[in-house]
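Single-letter residue listing:
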Amino acid sequence: MVNFRVLSEYDFKNGTSDYAKSLRTIYGDDGYQNYAAKINSIIAQGKEKQSNPLQQSNSARINYLQDALRQAVTLNNKKRNEYRNFRTKLSGMIKITSNQQADLVSKQLAYGKSDMNEDLLRSSLMDALNSQGMYYNA
């Protein structure tokens with residue numbers, strides 16, 4: 001029985017292994033179709049004699065990769081949803097904090113605390129907004 005390895009088209013055209021180089025010398029640089037036809041005929045002859053272990057191992061590998069991809073997509077979607085929930089909660093907390101700071105300033109003005117001048121109020125408001133990642137343009 002001949003032991004050989006089936007190459008992909010990319011490996012056939014760009015591979016640096018001795019096997020890929022020897023196949024290119026036999027079939028030419030763009031002779032992948034001829035190579036694939038030859039491999040398929042060898043596989044078809046082998047099917048008459050026995051089941052093809054390459055096909056079985058490839059189907060097992062494909063099934064494994066499909067399962068791994070499904071798991072990765074599921075995990076990625078779960079993490080994406082967790083991030084969205086966190087971002088929503090965080091933006092709500094920022095909005096509540098900025099509203100509380102604005103209420104504090106307006107209550108101090110309403111109670112007649114005249115010792116707080118406009119510059120002090122503006123700087124404290126800007127500090128509060130900057131700490132929350134917001135910007136105030138006066």
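Placed above this text is the structure.
Residues numbered from 1 in each chain as written. Predicted model: local features only at pLDDT ≥ 70, side-chain atom pairs only at ≥ 80, totals over all residues. Heavy atoms only, no water.

Undergrad: Help me get a handle on the packing of aromatic side chains, residues and values and all.
TA: Within the structure shown, the criterion is met by four aromatic pairs. Taking the centre distance of 5.4 Å and the plane angle of 20° together, the rings of Phe12 and Tyr35 count as stacked. Of the two residues, Phe12 is situated in helix H1 (residues 9-14) and Tyr35 in helix H3 (residues 32-49); the sequence distance between them amounts to 23 residues. In terms of burial, Phe12 and Tyr35 fall into one category: buried. Taking the centre distance of 5.8 Å and the plane angle of 65° together, the rings of Tyr27 and Tyr35 count as edge-to-face. An aromatic cluster is defined as three or more aromatic residues linked by ring pairs; in this entry it consists of Phe12, Tyr27, Tyr32 and Tyr35. (Phe/Tyr/Trp six-rings, centres within 6.5 Å; stacked < 30°, edge-to-face > 60°. Helix = DSSP H or I, 4+ residues; strand = E, 2+ residues; numbered from the N terminus. Buried < 20%, exposed > 50% of the residue type's maximum accessible area, 1.4 Å probe, protein only.)

Undergrad: Mind laying out helix H2 (residues 18-27), listing which residues take part and the relevant values?
TA: Among the residues of H2, Ala20, Leu23 and Arg24 are the ones counted as buried. The buried residues of H2 occupy an angular sector of 100° when the element is viewed end-on, so they sit on one face. Relative to its buried face, H2 has exposed residues pointing more than 90 degrees away, namely Asp18, Thr25 and Ile26. Directly beyond the C-terminal end of H2, a positive phi value near 90° is found at Gly28. (Arc of directions from axis to C-beta.)

Undergrad: I'd like to hear about the nonpolar core, residue by residue, with values.
TA: One finds Leu7, Phe12, Ala20, Leu23, Tyr32, Tyr35, Ala36, Ile39 and Ile43 forming the largest nonpolar core, which totals nine residues. When contributions to this core are tallied by element, the ones reaching two or more residues are H2 and H3. In terms of residue count, the dominant contributor to this core is H3 (five residues). Filtering out sequence-adjacent residues up to four positions away, Tyr32 remains in contact with Leu7, Ser8, Glu9 and Phe12. (Core = buried A, V, L, I, M, F, W, Y, C linked by side-chain atoms within 4.5 Å. Contact = heavy atoms within 4.5 Å.)

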